[in-house]
Amino acid sequence: MRIINSIIFFLFLFTVNAQDNFVLVDNTEPLNKAIKENSLKVFSIKSDFKQHKVLSMLEETLVSEGNFLYKKEDQVKWQYTSPFEYTIVISNGKFQINNEGCISEFDMNSNEMFKQINNMIITAISGDFIDNKEFSVKFKENNNYYIAQLSPTEKTVAEMLSSINIYFTKEDLNVEKVKFVEPGDDYTLIIFKNRQQNIQIKDSEFQIN
Amino acid sequence: MLILFILPSCSSGYLKDFAKFENSKFIEPIIFGDNFEKTTYKTNLTVMGNNLSGILLIKKTSEEEFRFVFVSEIGLKYFDLGIKNSNVKQEYTTHYLMPALNRGETKDILFNDFSKLTIQYLSKSKPIIYKQTTTENIAIKYNEPDNESVYFLDDNNSNIERILWKNNITGKSQIILSHYHTSIPQQIEISNKKYGLNMDMKEIIND
């Protein structure tokens with residue numbers, strides 16, 4: 001019985017590894033072109049999301065969820081609805097935050113860190129990272145996904161993040177998952193669901209009153 | 001029947017209306033007691049004029065160690081601090097501290113405040129118990145080499161509702177604890193006026 005259990009366990013491990021088994025994409029030129037063309041077609045995104053903050057050493061995952069809006073060129077709204085209420089809006093060069101009713105606003109140019117975070121978010125969601133000099137890009141693939149693995153070239157960003165892994169579905173090249181990996185292997189995984197693309201989103205959606 | 005003795009007053013400035021109280025059967029309450037494993041708080045931290053918000057995870061990683069990890073709502077980690085008990089004194093470990101927070105006395109104040117919440121790790125020497133002469137509320141004083149801490153209990157003398165501590169280097173802090181669920185306070189407010197540090201914590205109750 002113990003032997004059978006061991007075999008089942010190893011088969012399970014093999015299956016899990018096989019699912020995650022990504023290999024480097026040799027010829028990246030066609031994929032680069034396809035992703036770039038796809039990102040040019042996207043002018044708005046509306047989606048739900050689930051965020052997993054994984055603290056590896058502590059074996060802990062903090063889960064939160066909410067909804068997400070993006071409108072070209074640079075309007076973004078993250079609205080966390082569970083287990084807390086928190087909204088962050090990036091629009092017209094400003095960061096606005098509603099932290100459980102307490103509203104604050106920051107000029108993006110006044111804070112280099114906000115600027116970099118904004119750049120990372122928009123880069124990751126829109127898939128618009130080709131030709132972006134702030135990241136070096138490596139592509140990997142498995143049966144279901146292409147991964148663009150972005151490594152920051154800026155030292156200040158590299159101190160916070162070792163890579164941003166953007167998961168594109170092979171089916172339609174849409175971004176389904178984004179993984180922000182920190183030095184030390186903790187990471188934040190954001191999974192998008194119920195994605196709607198190129199729908200009309202009013203500018204007023206990007207205002208916190 | 002408990003045998004109670006109230007002795008003449010002998011106290012610090014925190015304990016003006018209190019007198020020493022000897023009761024061999026009195027058991028000091030602890031925060032995050034034996035059955036505690038972990039919890040999370042929605043937290044706002046103001047320090048040196050900066051406002052940071054996010055989730056504070058408090059986890060007991062072993063019988064000897066607590067970890068305090070603060071991450072922003074979007075997943076950016078601010079700090080990861082460990083407090084470990086040893087036979088001699090508490091050991092503080094900085095697993096991670098965002099460079100912007102690694103200035104002045106911030107880290108020391110945070111360690112001091114968090115260590116007060118892990119009361120069971122305080123000095124092995126016996127604490128001194130006081131009783132308020134007017135209300136009969138109990139206060140517990142711990143004398144450590146660099147710190148003086150006083151824990152004030154609520155009207156039922158069952159939970160800790162306020163902690164005052166002072167230290168020559170990091171000034172003094174007040175910690176208010178309320179809305180207890182078993183040994184876990186659902187709200188905690190920490191303030192250190194000297195360094196302008198304030199921390200408001202509300203426990204996140206998952207549905």
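Since we're looking at a predicted model, the values are computed, not measured.

About the criteria used
Residues numbered from 1 in each chain as written. Chains lettered and ligands numbered in written order. Predicted model: local features only at pLDDT ≥ 70, side-chain atom pairs only at ≥ 80, totals over all residues. Heavy atoms only, no water. Helix = DSSP H or I, 4+ residues; strand = E, 2+ residues; numbered from the N terminus. Buried < 20%, exposed > 50% of the residue type's maximum accessible area, 1.4 Å probe, protein only. Contact = heavy atoms within 4.5 Å. Pairing = 2+ DSSP bridges. Expected span 1.5 Å × (residues − 1). Phe/Tyr/Trp six-rings, centres within 6.5 Å; stacked < 30°, edge-to-face > 60°. Lys NZ or Arg CZ within 6 Å of the ring centre and 35° of its normal. Buried area = accessible area lost by both parts, 1.4 Å probe. Salt bridge = Lys/Arg side-chain N within 4 Å of Asp/Glu carboxyl O. Polar contact = N/O pair within 3.5 Å; in protein donor to acceptor, adjacent residues only side chain to side chain. Core = buried A, V, L, I, M, F, W, Y, C linked by side-chain atoms within 4.5 Å. pLDDT = per-residue confidence, 0-100.

Draft legend 1. Structural detail: the overall build of chain B. Each helix and strand in chain B was counted, giving one helix and 14 strands. Counting across all 207 residues of chain B, residues that qualify as buried make up 52%. Long-range pairs, those at least 24 residues apart, make up 42% of the contacts in chain B with a sequence separation of at least 6.

Draft legend 2. Focus on the sheet that holds strand 5 (residues 86-91) of chain A. All names here are of chain A. Spatial ordering of the open sheet is given by 1-8-9-10-11-12-2-3-4-5-6-7, a layout of 12 strands whose pairing is antiparallel. Both outer strands of the open sheet, strand 1 (23-24) and strand 7 (102-107), are each paired with one neighbouring strand and no more. In the sheet, strand 8 (residues 135-141) pairs with strand 9 (residues 145-152) via seven bridges, with the strands oriented antiparallel. From the neighbouring strand, K138 faces strand 9, where its bridge partner is Q149.

Draft legend 3. Quick peek at helix 1 (residues 106-117) of chain B. Residues and elements named next belong to chain B. A rise of 1.5 Å per residue sets the reference length of helix 1, with its 12 residues, at 16 Å; its end C-alpha atoms lie 17 Å apart and thus fit the reference within 8%. The element helix 1 is largely enclosed, with a buried count of 10 among its 12 residues. Turning to helix 1, its buried residues are T106, I109, L110, F111, N112, D113, F114, S115, K116 and L117.

Draft legend 4. Main features of the side chain of N174 of chain A. Structurally, the position occupied by N174 of chain A is in the loop between strand 10 (163-169) and strand 11 (175-181). In this structure N174 of chain A touches N38, Y167, F168, T169, R195 and Q197 of chain A, once residues within four positions along its chain are discounted.

Draft legend 5. A look at the packing of aromatic side chains. Residue and element names in this part refer to chain A. Tallying each qualifying case throughout the model produces 20 aromatic pairs over all chains. Ring plane angle 80° and centroid distance 6.1 Å describe the contact between F22 and Y167, whose orientation is recorded as edge-to-face. A residue pair is termed long-range when its members are at least 10 positions apart, and F22 in the loop between helix 1 (2-19) and strand 1 and Y167 in strand 10 qualify at 145 residues. Residue class for Y167 comes out buried when judged on its relative accessible area of 10%. The ring of Y146 carries K170 above its face, with NZ or CZ at 4.9 Å from the centroid.

Draft legend 6. Quick look at the interface of chain A and chain B. Counting residues at the interface gives 19 residues for chain A and 20 residues for chain B. In this assembly, chain A packs against chain B so that about 1,800 Å² is buried in total across both faces, 65% of it on carbon and sulfur atoms. Together, L58, E60 and L62 of chain A form the three largest contributors to the area buried by chain A at its contact with chain B, with a combined 29%. Between E60 of chain A and K59 of chain B there is a salt bridge, with the nearest N and O atoms lying 2.8 Å from each other. In this assembly, chain A and chain B are joined by nine residue pairs in polar contact (both at pLDDT 80 or more). No other element matches the three residues that strand 2 (residues 44-55) of chain A contributes to the side of chain A that touches chain B.

Draft legend 7. Geometry of the environment of I138 of chain B. Residue and element names in this part refer to chain B. For I138, the position within the fold is in strand 9 (residues 138-143). Residue I138 is classed as buried on the basis of its relative accessible area, which comes to 4%. With 29 residues separating them in the primary sequence, I138 and N167 have C-alpha atoms 23 Å apart. When sequence neighbours within four positions are dropped, the list of residues in contact with I138 reads F18, F21, F26, I129, Y130, K131, Y151, F152, L153 and N157.

Draft legend 8. Region of interest: the nonpolar core. Core analysis: the biggest nonpolar cluster contains 46 residues, and F32, L56, F79 and F114 of chain B have the highest contact counts within it. Per-element accounting of this core gives the leading share, five residues, to helix 1 of chain B. Not counting the four nearest positions on each side in its chain, F79 of chain B is found in contact with L45, L56, F68, V69, F70, Y96, L97, L101, L110, F114 and M199 of chain B. In this structure, I88, A148 and F192 of chain A together with L57 of chain B belong to the second largest nonpolar core, which totals 42 residues.

Draft legend 9. Examining the confidence of the model for chain A more closely. Residues and elements named next belong to chain A. Chain-level statistics for chain A give a pLDDT mean of 83 and a share of 81% at 70 or above. Looking across chain A, the model is least confident in helix 1, with a mean pLDDT of 41, and most confident in strand 2, with 96. Below pLDDT 50 for its whole length, residues 1-19 participates in one contact with residues either more than four positions away or in separate chains.

Draft legend 10. Region of the structure containing the pairing of strand 5 of chain A. Residues and elements named next belong to chain A. Burial analysis of strand 5 places six of its six residues in the buried class, which makes it a mostly covered element. Side chains Y86, I88 and I90 of strand 5 all project onto a buried face; the interleaved residues T87, V89 and S91 project onto the opposite face, where all are buried too. Pairing between strand 4 (residues 75-82) and strand 5: five bridges, direction antiparallel. Pairing of Y80 across the sheet is with Y86, part of strand 5. Taken together, strand 4 and the strand that follows it, strand 5, pair antiparallel across an intervening segment of three residues. Examined bridge by bridge, strand 5 and strand 6 (residues 94-99) share six bridges and lie antiparallel to one another. In the strand pairing of strand 6, I88 is matched with I97. In this antiparallel pair of consecutive strands, strand 5 and strand 6, the connection spans two residues, and N92 shows a positive phi of 50°.

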